[in-house]
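If you want the building blocks of each chain, they are given just below.
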Amino acid sequence: KQEVTQIPAALSVPEGENLVLNCSFTDSAIYNLQWFRQDPGKGLTSLLLIQSSQREQTSGRLNASLDKSSGRSTLYIAASQPGDSATYLCEKETSGSRLTFGEGTQLTVNP
Amino acid sequence: DGGITQSPKYLFRKEGQNVTLSCEQNLNHDAMYWYRQDPGQGLRLIYYSQIVNDFQKGDIAEGYSVSREKKESFPLTVTSAQKNPTAFYLCASSMWGYTGELFFGEGSRLTVL
């Protein structure tokens, strides 16, 4: 049973498009949800962290929302650029500091 | 600069050999983690440590061992008992007892020849 699901698995868009990446999870009793970016052959870089008491977080062109009741989080990327091409992973933390990752969405932004 | 350093970045091993991957952090974090990542899959937890001299098995601990003798260091040994060790290994750290940000190293790619 996959506890964290990311759809779509891959996404290709033209430069300049606004896009939404989805993350759904079981167990609404989360402590926080975090979005990461991973470039090929590299580690993960934290983008946004949403605490359970928060509804959204913003950083530059990125906005992440959290809806615990529906078990969903979205990462919104405005005015996408080729440099945004990477794999985006979401991760939830639940009791006992248990961390669960989704399998990621591979994003390609075409010039 | 504060961060997590993993070494080596690339490692080749013959079957039957044990290898040790290094992970060092200077963030003063209590908790450290080892994950394995295979192509097209999410991260799977191997071991984690909340405090010095203590660690717990994750979801796929078989064939791996760790130690936590210092707060800054959490080395992972891939033993010959691990049947499919070729993978990308990621080390991470965070403040324990605090729902905060998770920091990752750059990863170590192990290939068994």
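The notes below deal with the structure included here. (Residues numbered from 1 in each chain as written. Chains lettered and ligands numbered in written order. Predicted model: local features only at pLDDT ≥ 70, side-chain atom pairs only at ≥ 80, totals over all residues. Heavy atoms only, no water.)

**Some details on the overall build of chain B**
The helix and strand inventory of chain B stands at zero helices and eleven strands. Seen in sequence order, chain B has helices and strands lined up from the N terminus as β-β-β-β-β-β-β-β-β-β-β. Computed over its C-alpha atoms, the radius of gyration of chain B comes to 13 Å, within 12% of the 13 Å expected for a compact globule of 113 residues. Summing over all exposed atoms, chain B offers an accessible surface of approximately 5600 Å²; the carbon and sulfur share of this is 48%. (Helix = DSSP H or I, 4+ residues; strand = E, 2+ residues; numbered from the N terminus. Rg over C-alpha atoms; globule rule 2.2 N^0.38 Å. Areas by Shrake-Rupley, 256 points an atom, 1.4 Å probe, with all protein chains shown as cover.)

**Description of the state of the cysteines**
What we call a disulfide is simply a covalent bond connecting the sulfur atoms of a pair of cysteines. Within the structure shown, the criterion is met by two disulfides over all chains. The disulfide that involves Cys 23 of chain A links it to Cys 90 of chain A, with 2.0 Å between the sulfurs. Looking along the S-S bond of the Cys 23 of chain A-Cys 90 of chain A disulfide, the torsion reads about 75°, which is the right-handed sense. A residue pair is termed long-range when its members are at least 10 positions apart, and Cys 23 of chain A in strand S3 (residues 19-25) and Cys 90 of chain A in strand S9 (residues 86-94) qualify at 67 residues. In this model, Cys 23 of chain B is linked to Cys 91 of chain B through a disulfide, with the two sulfur atoms separated by 1.9 Å. Across the S-S bond of Cys 23 of chain B and Cys 91 of chain B the torsion is about -75°, and the bridge reads as left-handed. (Disulfide = S-S within 2.5 Å.)

**A short note on the packing of aromatic side chains**
On inspection of all chains with the given rule, the structure shows nine aromatic pairs over all chains. With a centroid separation of 5.9 Å and an interplanar angle of 40°, the aromatic rings of Phe 36 of chain A and Phe 101 of chain A are classed as tilted. Of the two residues, Phe 36 of chain A sits in strand S4 (residues 32-38) while Phe 101 of chain A sits in strand S10 (residues 98-101), which places them 65 residues apart along the sequence. Each ring, one from Tyr 33 of chain B and one from Tyr 48 of chain B, has its centre 6.3 Å from the other, and the planes form 20°; the classification is stacked. Taken together, the residues span a long stretch of sequence, with Tyr 33 of chain B in strand S4 (residues 31-37) and Tyr 48 of chain B in strand S5 (residues 43-51) at a distance of 15 residues. The burial state of Tyr 33 of chain B is the same as that of Tyr 48 of chain B; both residues are buried. Its end group placed over the ring of Phe 74 of chain B, Arg 68 of chain B keeps NZ or CZ at 6.0 Å from the ring centre. (Phe/Tyr/Trp six-rings, centres within 6.5 Å; stacked < 30°, edge-to-face > 60°. Buried < 20%, exposed > 50% of the residue type's maximum accessible area, 1.4 Å probe, protein only. Lys NZ or Arg CZ within 6 Å of the ring centre and 35° of its normal.)

**Re the pattern of salt bridges**
Under the criterion given, the structure shown has seven salt bridges over all chains. When the shortest N-O distance is used, the salt bridge between Lys 42 of chain A and Glu 106 of chain B registers 3.9 Å. Of the two residues, Lys 42 of chain A sits in the loop between S4 and strand S5 (44-51) while Glu 106 of chain B sits in the loop between strand S10 (103-104) and strand S11 (108-112), which places them in two different chains. In this structure Lys 42 of chain A comes out as partly exposed when scored by relative accessible area, which is 36%. Glu 106 of chain B gets classed as partly exposed once you look at its relative accessible area, which sits at 39%. Arg 36 of chain B is the partner of Asp 38 of chain B in a salt bridge, and the nearest nitrogen-oxygen pair spans 2.8 Å. Arg 36 of chain B shares its class with Asp 38 of chain B; the two are buried. Each of the salt bridges in this network shares a partner with another, and the network as a whole consists of Arg 36, Asp 38 and Arg 44 of chain B. (Salt bridge = Lys/Arg side-chain N within 4 Å of Asp/Glu carboxyl O.)

**Observations concerning the interface of chain B and chain A**
Counting residues at the interface gives 19 residues for chain B, matched by 20 residues for chain A. Across the interface of chain B and chain A, roughly 1600 Å² is buried in total on both sides, 52% from carbon and sulfur atoms. Summed over the shared surface of chain B and chain A, the result is one salt bridge. Looking at the side of chain B that touches chain A, the elements with two or more residues in it are S4 and strand S9 (87-94) of chain B. It is S4 of chain B that contributes the most residues to the side of chain B that touches chain A, three residues altogether. (Contact = heavy atoms within 4.5 Å. Buried area = accessible area lost by both parts, 1.4 Å probe.)

Note that every value here comes from positions in space, so none of it alone points to a role or purpose.
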